[in-house]
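# Report on the structure
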Amino acid sequence: MSTLDDKINEINRLAIQITKDNDDDRLMNLSIGPQHPGSGHFRIVIKVDGDYIVYADPDIGYVHRGEEKMSEHRNFIQNIPHLERPVIHDSTNIIYSYSLAIEELIGINPPRRGQFVRAIAAELDRLVYTTYWLAIYGIFLGHSTMFMWPTGDRELIIDLLERMTGHRVTHAFSVPGGVRNDIPYNFKEKCLTQINYFEKRLKEYEDIFYNNPLLRQRTEGVGIMNKEDAIKLGVTGSVLRASGVPYDIRKVEPYDVYDEIDFKVQYMKSCDTFARAYVPYLDMKESCHIIRQLLDKMPDEGSVREKIVGNVKAQPGETYRRVESGRGALGYYIISDGSTKPYRLKISTGSFRNILALPFLLVGSKLGDMPAIYWALNYWPIEADR
Amino acid sequence: MLKDLVNPTNVNIYVSKLSDVLIKAVEEPLGYAINWGRIYSLWPVHLETGCCSVEFGAASSPRYDVERFGMLEAFGSLRQCDLIVVLGTVTRKMAPRLRMVYDQMPEPKYVIAMGACAITGGLYLDSYNVLPGADSVVPVDVYVPGCPPRPETLIQGCFLLQEKIKRSKIK
Amino acid sequence: MNTATGFIKAIQSGTKHIVMKRFTLRYPEEKLKFTGDGYQFDPKKGVGIAGTRGRHILFHDKCTGCQLCAIACEGIAEAITMVKVDEQWKQNKKSIMPQIDYGKCVFCGFCVDACPFYALYMTNDYELSAYTKTHLIYTPAQLAVKPRDDGEVEIKMGKRGAYHGR
Amino acid sequence: MENKDNSFGQLIDTSKDLDNKITSNIIKSAIQNFNQKIQLVYEKPNRSKIFVNNESLVEVALFLRNTYGLDHVESMSGTDFPAENEIEINYHLGSYINQDLHPYILNLATRVDRENAKSNSLINIFPSVEYFERETYEMLGVYFVGHPRNEPFLLPEDWADLPPLRKDFKLKGR
């Protein structure tokens, strides 16, 4: 008998000691991803105290493919297919700034009609990216309709882009010197009808998703990043604009034909997750306006491409060109030594800059808010990893 | 005479013979039934290895709606899945995780390699961080080419996989 | 906005879709119709002709075996290799023609841009899935086959929303 | 390739263009403040590049941030120059506060020795540089003094090769 009692006492004593001695037991380590319905190609190490996150450390690099090193071994045209892979559903924009940089290094100017076609493709791609982002945001918050509607309406835009470029998502459409092919016959009318229909559908998103009291409760006042913090962290794109800084590369440093286009920079001052989720939606509405203007102002005739040979040589020098992509400023820093290949190529992407804000926003918030905060950062893991 | 036939040793033999006949009679239809069940409940693991996940998402969109065929219903739990779609590039950092996920899945399990990167490494043939294809990590049943493949191609690949399952013998 | 109004509006906007047309493309029965016969390139003008970038088509009577497509693909995916063919053509002294490995091909179409003799185009064929890797390698003879012409459905706009129709 | 000598003849006369006037003012005053420590490499519309010694990197960055409101890092990269046995580090500075400087990007460049690559971290001046510096440490092997986390980031945990963006790291088959 005594032995059993002793044992029980011993166990109780040990158990009490363990829970007492180790304060770290209060903290639980969570590793979210890479196999997790709400993570994607991304892992985040989180420590929670009860329900509150006290430590967050993003562990990225699951899709790091060494694009910057690879591009040193390919010529300027051969670089296009692999450089657009980081964001395949926003591939015109990621090649747009590359094209601008190479055009500057080679010293050519695309024809005017080519510039318009490229801008149309870029705006359509922004719609494709943002609708996909919105669909995943819907499924993150458990709103299945918001997965189905944007993915369905996204196909309208993908259909347009496919007619225009020849592939659903990886277009390889914008090249240094313009675009690869002219728009097909009666594209203009089709584009206008589908964009008008898409815009009508966008209004319905507001009713079912953005004005939905459940979404409001999950996002309003959650993950606040005020203006000073946003500037300090150097975030970009919709995350920055949601914090009350009206900064859009299309406006502040217009490239190609954007200085002829009349549009507003959409921004909000509420600085919370709802603002970060709402600004891309406002951007989509603005994109529809821009596309209509571009179609209207586009010259009917003319060449679309200044043909360059595959092994074109660049002037020695360096350049930094950027465009406004779906996730913010997307810059290419290219150093050329006068050969047919870049000496060094650096992609500065919006995702890589925005992910810095994730630990800042997560620490102190509740675990249940993690998906809402994480995906509202407009983060696409592959683009950050490159 | 009858007594000889029905002694305990003989009964054992009869029963075993009868069960052999029964198994033979049942095996094929039963296997067919089990396979039939399997092909219409292909549940994939939600492990995104690369950028083909965008077109995987598009495949479950209202336009293509693969759930019409009872497959690719995403967001299942790992332990209840029988299909893993390798969605693109397998990097060195992701490869151990991919194998880990594959090992945790219950038998029978099937693998679809989606996209050029998952088949041979594709564009990243000389990259320092990309493996030349998913079949160096997991055995692959069906290859779906494209970069990324159209959702139609993925659906066609799933039809091929269904055909393969239909013709396989259950153990 | 009031919470109750928000819910009612959300439900209302969803309910409207009961009467909307089905957007789904019934894939194996119906196939999409594309703009043209596939992506083509006009070397004289220096611009392409819009079209879907699917499997390639090789015109044996025009291919000269100049390897420009293979050189273009060298830095992209190394999908094209030049192989010997049995046929004899006047313009193709070496009798070599491209063979494409679709396990590597990324359908960027830069090989089509590189071809100066109108010999290599792309088609609307996209159904290429296979059980083994070797089935993905298309020989010049296989590449010469014109895909069967089907696909007649495209997105249409109606009063009850977008749908796929003829 | 790099024109490192400092000559004011390179300055484009930009008295008409407002943007360029501001940017040349920045560079002029910076050069006046840090006598001999800053060299102008080039100046183009909305882009310019200055070169500083690694010792004075932090004070120049601090001066640029406090005086002109170049408050965040757009991009940061390193480039390997094996011929000169040096690694160049570029900080692309931009501004959100100063509205006139919105389109402007200043490339703040410095060079460190290739064998013993060590540079001062700017993390206390620009918090936005944190992940960029971690990436540069990993990809080029430049140790940042003062950075709390010089550790693997993008590459696999068991990476035991050269830093991949150095020029003597060869890709297979190239």
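For clarity, every value in this text was computed on a predicted model and none was experimentally measured. (Residues numbered from 1 in each chain as written. Chains lettered and ligands numbered in written order. Predicted model: local features only at pLDDT ≥ 70, side-chain atom pairs only at ≥ 80, totals over all residues. Heavy atoms only, no water.)

Let us now look at the overall build of chain A. Helix and strand content of chain A: 16 helices and eight strands. Its C-alpha atoms give chain A principal-axis dimensions of about 100 × 50 × 35 Å. Sequence-distant contacts in chain A: of pairs separated by 6 or more residues, those separated by 24 or more amount to 71%. Accessible area for chain A stands at about 12000 Å²; split by element, carbon and sulfur atoms hold 51% of it. Within chain A, the 52 negative side-chain charges are centred at a point lying 3 Å from the centre of the 48 positive side-chain charges. (Helix = DSSP H or I, 4+ residues; strand = E, 2+ residues; numbered from the N terminus. Contact = heavy atoms within 4.5 Å. Areas by Shrake-Rupley, 256 points an atom, 1.4 Å probe, with all protein chains shown as cover. Lys, Arg positive; Asp, Glu negative; His and termini not counted. Charge placed at Lys NZ, Arg CZ, Asp CG, Glu CD.)

Moving on, we come to the overall build of chain C. Within chain C one finds four helices and nine strands. Put simply, chain C runs from its N terminus to its C terminus through helices and strands in the order α-β-β-β-α-β-β-α-β-β-α-β-β. What you see for chain C is a C-alpha radius of gyration of 22 Å, clearly larger than the 15 Å of a compact globule of 166 residues, by over 25%. With respect to the three principal axes, the spread of C-alpha positions in chain C is 80 × 35 × 30 Å. Residues classed as buried in chain C amount to 49% of the 166 residues present. Sequence separation of at least 24 residues holds for 71% of the intrachain contacts in chain C that already meet a minimum separation of 6. Summing over all exposed atoms, chain C offers an accessible surface of approximately 8400 Å²; the carbon and sulfur share of this is 55%. (Rg over C-alpha atoms; globule rule 2.2 N^0.38 Å. Buried < 20%, exposed > 50% of the residue type's maximum accessible area, 1.4 Å probe, protein only.)

Our next topic: the state of the cysteines. Residues and elements named next belong to chain B. This structure, assessed with the given rule, holds zero disulfides over all chains. Unpaired in this structure, cysteine 81 has its nearest cysteine sulfur neighbour in cysteine 158, at a distance of 14 Å. When its relative accessible area of 1% is taken as the criterion, cysteine 81 is described as buried. (Disulfide = S-S within 2.5 Å.)

Leu124 and Tyr210 of chain A together with Leu64, Tyr91 and Leu108 of chain D are the most contacted members of the largest nonpolar core, which has 219 residues in total. Ranked by size, the runner-up nonpolar core spans 29 residues in total, among them Val85, Cys158 and Leu160 of chain B together with Leu32 of chain C. (Core = buried A, V, L, I, M, F, W, Y, C linked by side-chain atoms within 4.5 Å.)

Before going further, it helps to examine the packing of helix H5 (residues 112-140) of chain A against helix H6 (residues 144-165) of chain A. Pairs of packed helices are described in terms of their axes, by the angle between the two and the distance that separates them. Residues and elements named next belong to chain A. Put simply, H5 and H6 touch, their axes get as near as 8 Å, and they point 160° apart. It follows from the interaxial angle that H5 and H6 lie roughly antiparallel. When the axes of H5 and H6 are compared, the crossing they make is left-handed. Looking at side-chain class alone, the contact of H5 with H6 contains 19 nonpolar, four polar and two charged residues. (Axes fitted to C-alpha atoms, helices over the stretch in contact; angles between N-to-C directions. Parallel < 35°, antiparallel > 145°, perpendicular 65-115°, else oblique. Left-handed = near helix turned anticlockwise from the far one by under 90°. Nonpolar A, V, L, I, M, F, W, Y, C, P; charged D, E, K, R; others polar.)

Turning next to the sheet that holds strand E4 (residues 80-84) of chain C. Residues and elements named next belong to chain C. Spatial ordering of the open sheet is given by E4-E5-E7, a layout of three strands whose pairing is antiparallel. Of all the strands in the sheet, just E4 and strand E7 (137-138) have a single pairing partner and so form its edges. Both strand E5 (residues 96-101) and E7 contribute to a ladder of two bridges, which runs antiparallel. Residue pairing across strands places isoleucine 100 opposite tyrosine 138, the latter belonging to E7. (Pairing = 2+ DSSP bridges.)

Let us now look at the interface of chain D and chain B. Every contact between the two is made by twelve residues of chain D and, on the other side, nine residues of chain B. Carbon and sulfur atoms supply 54% of the area buried between chain D and chain B, which totals about 900 Å² over both sides. At the junction of chain D and chain B, the tally comes to one salt bridge. In this structure, glutamate 157 of chain D engages arginine 97 of chain B in a salt bridge whose closest nitrogen and oxygen atoms are separated by 3.0 Å. The tally of links between chain D and chain B comes to two residue pairs in polar contact (both at pLDDT 80 or more). Class assignment of the residues belonging to the side of chain D that touches chain B gives a composition of nine nonpolar, no polar and three charged. (Buried area = accessible area lost by both parts, 1.4 Å probe. Salt bridge = Lys/Arg side-chain N within 4 Å of Asp/Glu carboxyl O. Polar contact = N/O pair within 3.5 Å; in protein donor to acceptor, adjacent residues only side chain to side chain.)

When the parts come together, some accessible area is lost, and that loss is often what is quoted as the size of the interface. Between chain D and chain A, the residue contacts involve 49 residues of the former and 45 residues of the latter. For the pairing of chain D and chain A, the buried interface totals around 3900 Å² over both sides, and the portion due to carbon and sulfur atoms is 56%. At the junction of chain D and chain A, the tally comes to eight salt bridges. We note a salt bridge from arginine 322 of chain A to glutamate 74 of chain D, for which the minimum N-O separation is 2.9 Å.

In total, this model carries 35 aromatic pairs over all chains according to the counting rule given. Considering the side-chain rings of tyrosine 96 of chain A and tyrosine 255 of chain A, the 5.2 Å spacing of their centres and the 80° angle between planes classify their relative orientation as edge-to-face. With tyrosine 96 of chain A in helix H4 (residues 91-106) and tyrosine 255 of chain A in the loop between helix H11 (249-252) and helix H12 (273-297), the pair connects residues that are 159 residues apart, well separated along the chain. The residues tyrosine 96 of chain A and tyrosine 255 of chain A share a single accessibility class, namely buried. Arranged with centres 5.7 Å apart and planes meeting at 65°, the rings of tyrosine 128 of chain B and tryptophan 159 of chain D form a pair that is edge-to-face. (Phe/Tyr/Trp six-rings, centres within 6.5 Å; stacked < 30°, edge-to-face > 60°.)

Our next topic: the pattern of salt bridges. One pass over the full model with this rule turns up 59 salt bridges over all chains. Here arginine 65 of chain A ties to glutamate 67 of chain A by a salt bridge, and the two come within 3.7 Å at their closest N and O atoms. Glutamate 67 of chain A matches arginine 65 of chain A in its accessibility class, with the two residues each being buried. Notably, a salt bridge pairs aspartate 113 of chain C with arginine 305 of chain A, separated by 3.6 Å at the nearest N-O pair. With one member in each of two chains, aspartate 113 of chain C in helix H3 (residues 110-114) and arginine 305 of chain A in the loop between H12 and strand E6 (317-325) form a pair that bridges those chains. Bridged by salt links that share partners, the residues Glu155, Asp159, Arg163 and Arg168 of chain A, Glu55 and Arg63 of chain B together with Glu154 of chain C form one connected network.

The next thing to look at is a nonpolar patch on the surface. Residue and element names in this part refer to chain B. Judged by side-chain polarity, Leu5, Val6, Val11, Ile13, Tyr14 and Val15 come together as a nonpolar surface patch covering roughly 500 Å² of accessible area. With four residues, helix H2 (residues 8-39) is the largest single contributor of residues to the nonpolar patch. Locating leucine 5 in the fold gives a position in helix H1 (residues 2-5). (Patch = residues over 30% accessible without salt bridge, like charges linked within 9 Å, V, L, I, M, F, W, Y side chains within 5 Å.)

Moving on, we get to unusual backbone geometry. Omega for the bond connecting glutamate 107 of chain B with proline 108 of chain B falls within 30 degrees of zero, at -10°, which places this linkage in the cis form. Among the structural elements, proline 108 of chain B can be located in the loop between helix H4 (95-104) and strand E2 (110-114). The omega torsion of the bond from cysteine 147 of chain B to proline 148 of chain B falls at -10°, within 30 degrees of zero and hence cis. Relative to the helices and strands, proline 148 of chain B resides in the loop between strand E3 (142-144) and helix H6 (151-167). Positive phi, normally seen in glycine, also occurs at asparagine 186 of chain A, with a value near 45°. Checked against the element boundaries, asparagine 186 of chain A lands in the loop between strand E5 (178-179) and helix H7 (187-210).

Atom-level detail of predicted coordinates should not be read off regions where pLDDT is low. Residues of chain A with pLDDT of at least 70 account for 96%, and the chain-wide mean is 84. H12 of chain A holds the highest mean pLDDT among the elements of chain A, 89, whereas helix H1 (residues 2-21) of chain A holds the lowest, 70. (pLDDT = per-residue confidence, 0-100.)

Our focus in this paragraph is the environment of leucine 202 of chain A. All names here are of chain A. Among the structural elements, leucine 202 can be located in helix H7. In this structure leucine 202 comes out as buried when scored by relative accessible area, which is 0%. C-alpha separation for the pair leucine 202 and threonine 340, spaced 138 residues apart in sequence, amounts to 45 Å. When neighbours within four sequence positions are excluded, leucine 202 is seen to be in contact with Tyr281, Met284, Lys285 and Cys288.

For the rest of this paragraph, the subject is the environment of tyrosine 320 of chain A. Tracing the sequence through the fold places tyrosine 320 of chain A in strand E6. Put simply, tyrosine 320 of chain A and arginine 305 of chain A are 15 residues apart on the chain and 23 Å apart in space, counted from C-alpha to C-alpha. With near-sequence residues (within four places) excluded, tyrosine 320 of chain A lies in contact with Gly331, Tyr332, Tyr333 and Ser348 of chain A together with Arg47, Glu74, Ser75, His92 and Ile105 of chain D.

A few words now on the pairing of strand E4 (residues 86-94) of chain D. Residue and element names in this part refer to chain D. Where burial is concerned, most of E4 is hidden: eight out of the nine residues are buried. Of the strand pairs in this sheet, strand E3 (residues 72-81) and E4 are connected by nine bridges, and their pairing is antiparallel. Its bridge partner lying in E4, valine 73 is registered against leucine 93. Between E3 and E4, which pair antiparallel in sequence order, lie four residues; one of them, asparagine 85, sits at a positive phi of approximately 55°. As paired elements, E4 and strand E5 (residues 105-113) share eight bridges and run antiparallel to each other. Note on E5: the bridge partner recorded for glutamate 88 is arginine 111.

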